[in-house]
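# Structural overview
Here's the letter readout for the chains.
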Amino acid sequence: MFSENPFSSTKRSPTPKFSNSFTTRIFSDVAGDITIVVDGDSFLLHKFPLVSRSGKIRKMAADTKDSNISKLELHNLPGGPHTFELAMKFCYGMNFEITPANVAHLRCAAEYLEMTEDYTEENLIERTEVYLNDVVVQSLEKSVEVLSTCEMLTSIAEEVGIPSRCIEAIAINACKEQLASGLSRLDCDGESTELKSGCIEWWIEDLSVLKIGYYQRVICAMESVGVRPDSIVASLMHYAQASLKGIGKCQIWNPAKAKPRPILDENDQSRIMEALVSLMPTGKSSFVPLNFLFGMLRMAIMLDATIACRLELERRIAFRLEMVSLDDLLIPSVPSGDSLFDVDTVHRILVNFLQRIEEEENVECGYESEGLGSPGHGSLLKVGKLIDAYLAEIAPDPYLSLQKFIAMIEILPDYARVIDDGLYRAIDIYLKAHPILSEHDCKKLCKFIDCQKLSQEACNHAAQNDRLPVQMTVRVLYFEQLRLKSTLSGSSGDGFLSQRTSSGVPSAAMSPRDNYASLRRENRELKLEISRMRVRLSELEKEQMYMKQGMVVKSGNGKTFFTSLSRGIGRIGIFGSPAGGRTQKSSRKSRGSDGKPGRSRRHSVS
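These figures come from a predicted structure and were not determined experimentally.

## Here's the deal with the pattern of salt bridges
If you walk through the whole model with that rule in mind, you get 16 salt bridges. With a shortest N-O distance of 3.1 Å, Glu-322 and Arg-356 are connected by a salt bridge. With Glu-322 in the loop between helix 15 (307-318) and helix 16 (326-329) and Arg-356 in helix 17 (residues 343-363), the pair connects residues that are 34 residues apart, well separated along the chain. Residues Lys-404 and Asp-344 are paired through a salt bridge, measuring 3.4 Å at the closest nitrogen-oxygen approach. Of the two residues, Lys-404 is situated in helix 19 (residues 402-410) and Asp-344 in helix 17; the sequence distance between them amounts to 60 residues. Judged by relative accessible area, Lys-404 falls into the buried class, the value being 18%. For Asp-344, a relative accessible area of 38% gives the class partly exposed. Salt bridges here are not isolated pairs; linked through shared partners, they connect Arg-107, Glu-111, Glu-129 and Arg-165.

## Here we look at the side chain of Glu-314
Inspection of the secondary structure assignment puts Glu-314 in helix 15. Residue class for Glu-314 comes out buried when judged on its relative accessible area of 0%. Engagement of the side chain of Glu-314 in a polar contact is seen with the side chain of Arg-348, the distance being 2.9 Å. Non-local contacts of Glu-314, meaning those with residues more than four positions away in its chain, are made with Leu-297, Thr-345, Arg-348, Ile-349 and Asn-352.

## Details of the pairing of strand 3 (residues 41-45)
Where burial is concerned, most of strand 3 is hidden: four out of the five residues are buried. Of the pairings in the sheet, the one linking strand 2 (residues 34-38) to strand 3 comprises five bridges and is antiparallel in character. From the neighbouring strand, Thr-35 faces strand 3, where its bridge partner is Leu-44. Linking strand 2 back to strand 3 in an antiparallel pair, the connection comprises two residues, with Asp-39 at a positive phi of about 50°.

## Quick notes on the environment of Gly-32
The residue Gly-32 is located in the loop between strand 1 (23-25) and strand 2 in this model. Separated by 14 residues in sequence, Gly-32 and His-46 place their C-alpha atoms 5.0 Å apart.

## Comments concerning unusual backbone geometry
Even without being a glycine, Glu-114 presents a positive backbone phi close to 55°. Mapped onto the secondary structure, Glu-114 falls in the loop between helix 4 (103-113) and helix 5 (124-136). Positive phi, close to 50°, is recorded for Glu-122, a residue that is not glycine. Take Glu-122: it is sitting in the loop between helix 4 and helix 5. With relative accessibility at 48%, the residue Glu-122 sits in the partly exposed group.

## Some points on a negative patch on the surface
A cluster of like negative charges, contributed by Glu-117, Asp-118, Glu-121, Glu-122 and Glu-126, occupies part of the molecular surface. Secondary-structure assignment places Glu-121 in the loop between helix 4 and helix 5.

## Describing helix 6 (residues 140-150)
Among the 11 residues of helix 6, eight are classified as buried, and the element is accordingly described as predominantly covered. When helix 6 is considered as a whole, its buried residues turn out to be Leu-140, Ser-143, Val-144, Val-146, Leu-147, Ser-148, Thr-149 and Cys-150.

How each quantity is defined
Residues numbered from 1 in each chain as written. Predicted model: local features only at pLDDT ≥ 70, side-chain atom pairs only at ≥ 80, totals over all residues. Heavy atoms only, no water. Salt bridge = Lys/Arg side-chain N within 4 Å of Asp/Glu carboxyl O. Helix = DSSP H or I, 4+ residues; strand = E, 2+ residues; numbered from the N terminus. Buried < 20%, exposed > 50% of the residue type's maximum accessible area, 1.4 Å probe, protein only. Polar contact = N/O pair within 3.5 Å; in protein donor to acceptor, adjacent residues only side chain to side chain. Contact = heavy atoms within 4.5 Å. Pairing = 2+ DSSP bridges. Patch = residues over 30% accessible without salt bridge, like charges linked within 9 Å, V, L, I, M, F, W, Y side chains within 5 Å. Areas by Shrake-Rupley, 256 points an atom, 1.4 Å probe, with all protein chains shown as cover. Lys, Arg positive; Asp, Glu negative; His and termini not counted. Charge placed at Lys NZ, Arg CZ, Asp CG, Glu CD.

In structure tokens, the structure reads:
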């Protein structure tokens, strides 16, 4: 009530009577002398209370020619007739409460009506400012509520700075909640995951009431003050759940918590989609869930979002492609597509993944990171199995062109597959689903299968497969014969593998990258030894120069000359053994004609 609420009018007046008629009279016993029209609604009021607090009405009343009865019309007043009625109650000293739902409208209306301290103390501008500073900005929930009301106001809200103050308050209060959430996590350790998330991220649901423009500004402010990236990601997921129709099928958030929102058209949804993608944290430690990324990617394809938006989603997915499941990659094609699945999108994701692997390889400098167990090679093997399974899933599609199918096969390097059983299965399914392929196309497709990397079971199947070209069957039988001969000869392990390794061909288990890494290590050792030899050669040249100087200066003293010469010969011996001349001669014989050490350095690259 009036006496308890500090943000109510401070004067009491006779109880007014508000009629439901077109014209509203404040006092039933005193005739009004001025009519104010606001968006078609007329208010029969009195000049004195109005002109004593509103500079705009005072100027407009002074400009009217008729001093007895005047009619004024206010255009584009913030908040419309309802807010004007509250402002007039303030002018008459009537009791009403300032709340988060009406404070933004009242502040903008007071600015429009010029209700400043120049006309009276504690005018409406001052009263609303006190409420904003003392109540609204101290609470995250109230700041969100006030900010949501600013969406219905004109640009005057930005002029008086209400949105910026609310956005800053939301970010700061969220940061405070983040600090307090450390204790909340400790308190919730024994509770369920749902309860733990509810006690920490309670404000995430509140932000979903904002429109995308203000929401985007809030998230940017949160990132600038240091709110946790995982909290921001959770907020983005919940906002997408509440705003984008169909995204809920991806189960990116708890559907029970999502508030229903009015259905937006595709242009608005596309704009929301692009804004949410741009707001995703970029740090490597703040991973966005893959199911959310794929849900957003499907929505972006369906809404025909911008190319930049789709490429960003594809890039983020490619960064963790080794963690993706097969079902995630089965993206339906748009109705205008030439196949059932969106193969082009998966192809671009795979290209991004291979580029990422290549960049990581170029950055690595240590010896240990370049071996068999390198993270990049392990990820590549996982992706190789994933792509083979994907090829087997899309192979039955009768509309899938041979060019797209081959493009998905040949983009992976040969060392991404330890065995080719998965690739053979996918190609066999494709041949079965496309019986009209020409013999030339069959040969073109089957050339990607390495018969030496097929298991015994796959070779047995291929040898009896009528869909394969004759040349393919012959190759399989030939390598099976070699395998059998190697087994009968008592070779340990896989005869093929040992044969390929001994002949200098990299094995399937070791990628060319790993072989190159071994060669690079050996090459670095050679370069270090060459550097040491150059240092020794430089010392020898200096000693030779000293010997020449001794021959010129001390040519008269034979003893000194021979002494210097003998010392010089002793210095030359650093390339051989410290023993006598016979050992040095044998050392020279062991050296090559080019003066390099006799130790064999095969596979080295200068």
